[in-house]
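Architecture and fold: a report
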Amino acid sequence: MTAKLSDRATGQALEPVVPTSATPKKRRGYWFDFNQSLPVNQRLILGAVGWVAFFLLWQITAQMDLAPDRLYPGPVAVFDSLKTLFLEQNFLSDVISSITRIVASFVIAVLIALPLGLLMGSFARVDGVLNPLLGAWRYLPAPAFIPLLLMWLGTGNSQKITLLLMGVVFFLVIMLADVTRQTPKVLIETAKTLGGGRRIILWTVLFRHSLPGYVDTCRQMLAVSWTYLVIAEIVAATDGIGAMMMRAKRFVHVDDIMAGIVTIGVLGLLFDVLFRLIYRKCFPYLGRSHS
Amino acid sequence: MPSSNGLSISNVGKTFRSGGRDIQALENISLELPAGKVGVLLGPSGCGKSTLLRMVAGLENPSEGTITLNGRAVDQPGRDRGMVFQDYTSFPWLSVKDNVAYGLRINSDRSALNEGTVEHFIRAVGLEKFADAYPHQLSGGMRQRVAIARTLANYPELLLMDEPFGALDPETRWQMQDLLLGIVRKERTSVMVVSHDIEEALYLGDVVFFLSRHPGRLKEVIHTDFKSALPPNDREAFLQSEEYRRLELHIRRLMQDEGRDAA
């Protein structure tokens, strides 16, 4: 029972009274009612159940001789090779170059997309010019530009960062513009009748109202960035997580390839958690209900 | 002749284009609201009363006619005409205190900020205990108090309100009406309120402008001078007075006529 009643006079939440002596009788349909909200510890347990089941299934199928161990290693073998990679093969420097590429390209993408998205979401005439143009660019697959980028920029970091940038920047502009456009008109009109000029309203209402939405959009687009990373590092790269995986393929080190996949997954998750923390720390006024 | 003191609306009309057709929302409205008075725009839904208020705010432009406030023509929104909306408009990222200070900050009004204007109006609406709270922690009535304090702290020459208490439950609405009248009398602010509630209109207004619809026209101007003979802030006495009953019945009949025309 997490429903809260709101006391109109004080705005404080009142917890419903729950009998404490006898254990409450479980209603029919207790396990699978619609729209239930679960306490945190139960969510953690359920999440762990999913993961443990996955690893068990993986380990069991790996031991069942469905495929040669070399081609289908179990989780234990993969974690072993992960340890070897970090301790003996300097995998950390690969990880660091990958993170550097992601962060550099994403910072540039945000620096380009934020002003454009803010202006497009605020002014219909800016949107009228840029939306048809940038909206169309979204549908051009970034990897299709690899041959061009290789010729223009060579095989170095700038080519990889440009590819990552192209993969996210167009989506980012359109999505940030959408977030900006959701600013309630009545807030803008209130600011106008309080004497706010265009520049002041742009910053103190539209930008400020959209800020949580911007952070959330960046969190989602960063996940897309990680998918382009592997593509960028598979082509003519000497370092990075993707490059390591391509080297491993040449020697049929499937456990190393899987270790690379796991590393990317964990890193992606860590960045996601980081953005969620920023969101919660910076926007306490949204409350828990996100209303 | 429009007087130079107060709000003056002369021959104002508004035509919207919709689906290739012109729709006349307001036709030839002329009215005067002297400074320091409370005016109410009352009428059935669709009579264009909110549109008229938005034109006074400068958020929309009239198709014909002119609007002047204290002798100056209105053509865009400005600090002199602060508006309170029916929707909750507290900025969710600002505390109550910062919401109330918003208008003075964006106008760089250092002197008003230093003189304790913000604290004065937070006290006036009875939110001193909630000065550091965020809007999501407040009830609907409290959020409207924030909106009123924020608008008044900016010292508008005319306070505009578009059905400000329409979303509140009856008891809170009555409280807010008394609160508003108390502040407005003390600060001598001019107010124009849009309402569709007859009791609210007569209780708040010194002058009630009744608008008819399709197109919106000014049908009748009702003065509520009878209230000066009543004890102040006494809703019971107001509701039981003979004048109130007479005017309420009169306006109710006007409303019913409007309803019949529409049907």
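Numbering of residues begins from 1 in every chain and follows the order in which that chain's sequence is written. Going through the entries in the order they are written, you letter the chains from A and number the ligands from 1. Residues qualify for local features only when their pLDDT is at least 70, as the model is predicted, and side-chain atom pairs are given and counted only at 80 or more; totals for whole chains, interfaces and linings, by contrast, use all residues. Side-chain figures throughout are based on the complete set of non-hydrogen atoms in the structure, without hydrogens or water.

1. Observations concerning the domain arrangement of chain B
Residues and elements named next belong to chain B. Segment limits for the domains were obtained from an automatic or database-derived domain assignment. Partitioning chain B into domains gives domain 1 (7–80 + 157–262) and domain 2 (90–155). The straight-line distance from the C-alpha centre of domain 1 to that of domain 2 is 25 Å. Listed as interface residues are 15 residues of domain 1 and, on the opposing side, 16 residues of domain 2. Taken together, both faces of the contact between domain 1 and domain 2 bury some 1300 Å²; the carbon and sulfur share is 64%. A contact between two residues is defined here by any heavy atoms of the two lying within 4.5 Å. Once two parts are joined, some of their accessible surface, as seen by a 1.4 Å probe, is lost; buried area is that loss totalled over both.

2. Description of the interface of chain B and chain A
Residue-level contacts link 31 residues of chain B with 24 residues of chain A. Between chain B and chain A, a total of about 2200 Å² is buried, with carbon and sulfur atoms accounting for 66% of that surface. One speaks of a salt bridge when a side-chain nitrogen belonging to Lys or Arg is within 4 Å of a carboxyl oxygen belonging to Asp or Glu. Counting across the interface, chain B meets chain A through 1 salt bridge. The salt bridge partner of A:Glu189 is B:Arg54, with a shortest N-O separation of 2.6 Å. Think of a polar contact as two N or O atoms within 3.5 Å of one another; within protein, one of them needs to be a possible hydrogen donor and the other a possible acceptor, and neighboring residues in sequence only count if both atoms come from side chains. Linking chain B with chain A are 6 residue pairs in polar contact (both at pLDDT 80 or more). Split by residue class, the side of chain B that touches chain A holds 13 nonpolar, 12 polar and 6 charged. The residue classification treats Ala, Val, Leu, Ile, Met, Phe, Trp, Tyr, Cys and Pro as nonpolar and Asp, Glu, Lys and Arg as charged. All others, Gly included, are polar.

3. Quick look at helix α1 (residues 49–57) of chain B
Residue and element names in this part refer to chain B. The element α1 is largely enclosed, with a buried count of 8 among its 9 residues. When a residue's accessible area, from a 1.4 Å probe over protein chains only, is under 20% of the maximum for its type it is buried; when over 50% it is exposed; and in between it is partly exposed. Working definition: helices are DSSP H or I runs of at least four residues, strands are E runs of at least two. Numbering for both runs from the N terminus. Along α1, the positions that sit buried rather than exposed are Lys49, Thr51, Leu52, Leu53, Arg54, Met55, Val56 and Ala57. Taken from the residues just after α1, glycine 58 is the one with a positive phi, measuring 85 degrees.

4. Some details on a nonpolar patch on the surface
Residue and element names in this part refer to chain A. A contiguous nonpolar surface patch, about 500 Å² in accessible area, is contributed by Val52, Leu56, Ile60, Met64 and Leu66. Note on placement: methionine 64 falls in the loop between α1 (40–63) and α2 (75–88). Relative accessible area serves as the criterion here: at 46%, methionine 64 is assigned to the partly exposed category. Exposure above 30% relative accessible area and no salt bridge define the residues that can form patches, which grow by joining like charges within 9 Å and nonpolar side chains of Val, Leu, Ile, Met, Phe, Trp and Tyr within 5 Å. Exposure was quantified through the Shrake-Rupley algorithm and a 1.4 Å probe, taking into account, for residues, occlusion by the shown protein chains and nothing else.

5. A word on the environment of A:Val273
For A:Val273, the position within the fold is in helix α10 (residues 254–282). C-alpha separation for the pair A:Val273 and A:Arg219, spaced 54 residues apart in sequence, amounts to 9.0 Å.

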